[in-house]
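Residues per chain are reported as follows:
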Amino acid sequence: MTDEPYRWLEAIANRREYIRDQLKGASPVFAFSRPEGILLCGVGVGQSKVFEVYDRHALVTLGHPVDIEKVRQTLIEAAHLEGFTRAPEDVTLRRLLSASLGPLLKNAFEQIFAAPLLIELILAEVGRTPDQDVLVRVGYDGTPRFIKNSIVVAHTNATDEQAAVDWLSAQVQPNAALKDVGRLALRAEGALMSGKPFASPPTEPNPIAKERVIEMAILERIEPNRVHYRSLDASTIS
Amino acid sequence: MTGDFLSLLPARQEIGTAQKSTHSLPTLEATTVFAFHCSEGVIVAGDHRATAGNVVFSDKTEKIIELDRYSLLAIAGSPSIAIEMARTLQTAFEFYRRSQLQPMSLSAKLRALSRLLRENLPATLQGFGVVAPIFAGVDASTGKPSIYFYDPLGAQFEAAAYAGSGSGSPSIKSVLHFHEQWGNPKPAQMTLAQAVALANRLLITAAEFDTATGGVNPVRNDFATIKLLSPTGIRTIETIEQSQHWRASGP
């Protein structure tokens, strides 16, 4: 089958369709580069969306839990090996993507006889100033997009994802408090999950279902210790 | 996906763990590090001198190393190996916490250090790689900070009140024993200010009898490295704060 170009293209197209279908209904995730650091948030079941990767690095993701775990472990292993063999300053998203995560996702996507990884994610690296922050939107096929905007959304529908970014860019004020940014993210989450046009998102965050929790963390910009990641108490915004 | 960084290293054929190190640095010996309980937690302190034989290598050496937010290592012995051990443990503890989404237990941290010391046995027996550290950590289940000291082969012992290591430690342990027996207040009852002043006095006392201990001279505003380990984590007592406590402690 792989010897025939048409069948190869067809298999890849079917694969894209399968992945999108499987990811449909997944709750979106958000990343905001703020003066205090990088805010990451999503709605999950607890320790299911937002993860620490390394001293200045974090991951916020949606997809199948087993695939998320595989990607998470891969990133953590690569980051710690790089930081140990060289130095923590040498751990960068660009290196993690090119040497570790990118090949993993691309291979998984193109191995058409094996199950693909069902995952969409945002990677974050906090810098000394907001200009130095790195936010990368990575798709299930391993394609990285280094985002210049200070707001990144990962959702299963590209059109709605862009609508959410546009709406949040208009709503988030430069000096907004983190809790206000978090509330706006939850309003956007509610709009994306309801599938309604983004022109009129709910004025309040959607009520969170009993089994689901708001997961929030920040990569703090100024941190006297090596570890910049800190989980936030979501009750402050709900 | 066991969270064991030490087994990940050889599996990925990256640079070896401490036992495979082939350091050729000169053997630096002698130092003074110690730890004792005070009313706010555990004080871990050390001097700044590194020596090779009768040569003073440096008077700016940092011997108290933060392994994570709740663990401190005070190193004594061969610094090349001790510092590599500290770096390995730093990475191993954080790797476990991030990959397993829970912190490593205090018992596991203690065993990780034991394992590195045991794997360093060839260098220890050859005499150029002896490491005898002090470990201070907080037990997450009780929130209680504890002090442990090790022999160079990896045996670990919990210190009830204090521990010391390095060539200057006999003087310090004698003074701490005296304070424990007849002091008023005893070190464990001391405020942070009293404990910080005591730590500097202990190092000055040790330096009086041990040429390999030095780098602490309050007159020149040179103070010890002092860190406080409490149930909320680690706090470095900066020079300016030590200076205030030193002046407040009297002549």
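Each residue is numbered by its place in its chain's sequence as written, counting from 1. The order in which chains are written sets their letters, starting at A; the order in which ligands are written sets their numbers, starting at 1. This being a predicted model, a pLDDT of at least 70 is required before a residue's local features are given, and a value of 80 or more before pairs of side-chain atoms are given or counted; all residues contribute to the totals for chains, interfaces and linings.

**Description of the overall build of chain B**
And step 1. What counts as a helix is a DSSP run of H or I of at least four residues, what counts as a strand is a run of E of at least two, and both are numbered from the N terminus. A tally of helices and strands in chain B yields seven helices and twelve strands.
And step 2. The quantity called the radius of gyration is restricted to C-alpha atoms. Its globule counterpart is 2.2 Å times the number of residues to the power 0.38. Whereas a compact globule of 251 residues would reach a radius of gyration of roughly 18 Å, chain B reaches 18 Å, a difference of no more than 12%.
And step 3. Taking the principal axes of the C-alpha coordinates as reference, chain B spans close to 55 × 45 × 30 Å.
And step 4. Contact criterion: two residues are in contact if their C-beta atoms, reconstructed from the backbone, are within 7 Å. Restricting the contact set of chain B to residue pairs at least 6 apart, pairs at least 24 apart contribute 65%.

**Concerning helix H6 (residues 192-209) of chain B**
And step 1. To estimate the expected span of a helix, count its residues, drop one, and scale the result by 1.5 Å. A rise of 1.5 Å per residue sets the reference length of H6(B), with its 18 residues, at 26 Å; its end C-alpha atoms lie 26 Å apart and thus fit the reference within 8%.
And step 2. In this scheme the burial state of a residue depends on its C-beta neighbours within 10 Å: 20 or more other such atoms mean buried, 12 or fewer mean exposed, and anything in between means partly exposed; the C-beta positions come from the backbone. The set of residues buried in H6(B) consists of B:Ala195, B:Val196, B:Ala197, B:Leu198, B:Ala199, B:Asn200, B:Leu202, B:Leu203, B:Ala206 and B:Ala207.

**Quick look at the environment of B:Phe57**
And step 1. As for its position among the elements, B:Phe57 is in strand E4 (residues 55-58).
And step 2. Residues B:Phe57 and B:Gly250, 193 residues apart in the sequence, show an inter-C-alpha distance of 32 Å.

**Regarding the interface of chain B and chain A**
And step 1. At the junction of the two partners, chain B supplies twelve residues and chain A supplies twelve residues.
And step 2. Contributions of two or more residues to the side of chain B that touches chain A are made by helix H1 (5-11) and helix H2 (79-100) of chain B.
And step 3. In terms of residue count, the dominant contributor to the side of chain B that touches chain A is H2(B) (four residues).
And step 4. Gly is placed with the polar residues, together with every amino acid not listed as nonpolar (Ala, Val, Leu, Ile, Met, Phe, Trp, Tyr, Cys and Pro) or charged (Asp, Glu, Lys and Arg). Partitioned by chemical class, the residues of the side of chain B that touches chain A number six nonpolar, two polar and four charged.

**Description of the pairing of strand E3 (residues 50-54) of chain A**
All names here are of chain A.
And step 1. Along E3, five of the five residues are buried, which leaves the element largely enclosed by surrounding structure.
And step 2. By this definition, two strands are paired if DSSP reports at least two bridges between them. In this structure, E3 lies alongside strand E4 (residues 57-63), joined through four bridges in antiparallel fashion. Counterpart to phenylalanine 51 in the pairing with E4 is leucine 59.
And step 3. In this antiparallel pair of consecutive strands, E3 and E4, the connection spans two residues.

**Let's talk about the sheet that holds strand E1 (residues 29-34) of chain A**
All names here are of chain A.
And step 1. One open sheet holds the five strands; their spatial order is E8-E1-E2-E9-E10, and the pairing between them is antiparallel. One side of each edge strand has no neighbouring strand; the edge strands of this open sheet are strand E8 (151-154) and strand E10 (229-232). Ignoring strand direction, the axes of neighbouring strands in this sheet form an average angle of 20°.
And step 2. Two strands pair when backbone bridges link them, and E1 and strand E2 (residues 37-44) are joined in this way by six bridges, in the antiparallel orientation. Counterpart to arginine 34 in the pairing with E2 is glycine 37.
And step 3. Axis geometry follows a simple rule: fit a line to the C-alpha atoms, using only the stretch in contact for helices, then measure angles between N-to-C directions, giving values from 0 to 180 degrees. Relative to E2, helix H5 (residues 178-194) is tilted by about 40°, and along the sheet it contacts E1, E2 and strand E9 (213-220).

**A closer look at the pairing of strand E11 (residues 225-230) of chain B**
Residue and element names in this part refer to chain B.
And step 1. Taken across its six residues, E11 has five buried, putting it largely inside the fold.
And step 2. With five bridges connecting them, strand E2 (residues 41-46) and E11 associate as antiparallel partners. Within E11, the residue paired with alanine 45 across the bridge is isoleucine 226.
And step 3. Where E11 meets strand E12 (residues 233-236), four bridges bridge the pair, whose relative direction is antiparallel. By the bridge assignment for E12, serine 230 is matched with glycine 233.
And step 4. Hairpin connection of E11 to E12: two residues between the antiparallel strands.

**Details of helix H5 (residues 169-182) of chain B**
Residue and element names in this part refer to chain B.
And step 1. The end-to-end C-alpha separation of H5 is 20 Å, in line with the 20 Å expected for 14 residues at 1.5 Å each.
And step 2. For H5, the set of buried residues is Ser169, Ser171, Ile172, Val175, Leu176 and His179. Buried residues of H5, seen end-on, are gathered within an arc of 160° and therefore sit on one face of the element. Away from its buried face by more than 90 degrees, H5 exposes Phe178, Gln181 and Trp182.
And step 3. Structurally, H5 contributes buried residues whose contacts are with strand E1 (33-38), strand E10 (162-165) and H6. An arc is given here, and it is the one of the directions from the helix axis to the C-beta atoms.

**Here we look at the sheet that holds E12(B)**
All names here are of chain B.
And step 1. The sheet built from five strands is open, its strands ordered E10-E1-E2-E11-E12 with antiparallel pairing. Pairing within the sheet leaves two strands with one partner each, and these edge strands are E10 and E12. Within this sheet the neighbouring strands show an average axis-to-axis angle of 20°, counted without direction.

**A closer look at unusual backbone geometry**
And step 1. Here the bond from B:Asn184 into B:Pro185 is cis, since omega is 10°, no more than 30 degrees from zero.
And step 2. Residues other than glycine seldom take positive phi values, yet A:Gln47 does so here, at roughly 50°.
And step 3. The residue A:Gln47 is located in the loop between E2 and E3 in this model.
And step 4. Here B:Asn221, not a glycine, exhibits a phi torsion of approximately 65°, which is positive.
And step 5. Given 11 C-beta atoms within a 10 Å radius, B:Asn221 is considered exposed.

**Here we look at the nonpolar core**
And step 1. Buried Ala, Val, Leu, Ile, Met, Phe, Trp, Tyr and Cys residues whose C-beta atoms connect them within 7 Å together make up a nonpolar core. One finds A:Leu40, A:Ala58, A:Ile122, B:Ala35 and B:Ile43 to be the most contacted residues of the largest nonpolar core, which totals 138 residues.
And step 2. Leave out the neighbours within four places in its chain, and B:Ala35 touches B:Val42, B:Ile43, B:Val44, B:Ala74, B:Ile134, B:Ala136, B:Ile147, B:Tyr162 and B:Ala163.

**Some details on the packing of helix H2 (residues 65-85) of chain A against H2(B)**
And step 1. It is at 10 Å that the axes of H2(A) and H2(B) come closest, and there the two elements cross at 170°. The angle between H2(A) and H2(B) places the two elements in the roughly antiparallel class. For the pair H2(A) and H2(B), contact is made by A:Gln73, A:Ile76, A:His80, A:Gly83 and A:Phe84 and by B:Thr91, B:Phe95, B:Arg98 and B:Ser99, respectively.
And step 2. For the contact of H2(A) with H2(B), the class distribution of residues is three nonpolar, five polar and one charged. By the definition adopted for this analysis, an angle is roughly parallel if under 35 degrees, roughly antiparallel if over 145, roughly perpendicular if from 65 to 115, and oblique otherwise.

**A look at the packing of H5(B) against H6(B)**
All names here are of chain B.
And step 1. Look at H5 against H6: their axes get within 8 Å of each other, and the N-to-C directions meet at 135°. By the criterion of interaxial angle, the relationship of H5 to H6 is oblique. Considering how the two elements wind past one another, H5 and H6 form a crossing that is right-handed. On H6, the residues touching Ser171, Ile172 and Val175 of H5 are Leu202, Thr205, Ala206 and Phe209.
And step 2. The residue inventory of the contact of H5 with H6, partitioned by class, reads five nonpolar, two polar and no charged. Less than a right angle of anticlockwise turn of the near helix away from the far helix marks a crossing as left-handed, whereas a clockwise turn marks it as right-handed.

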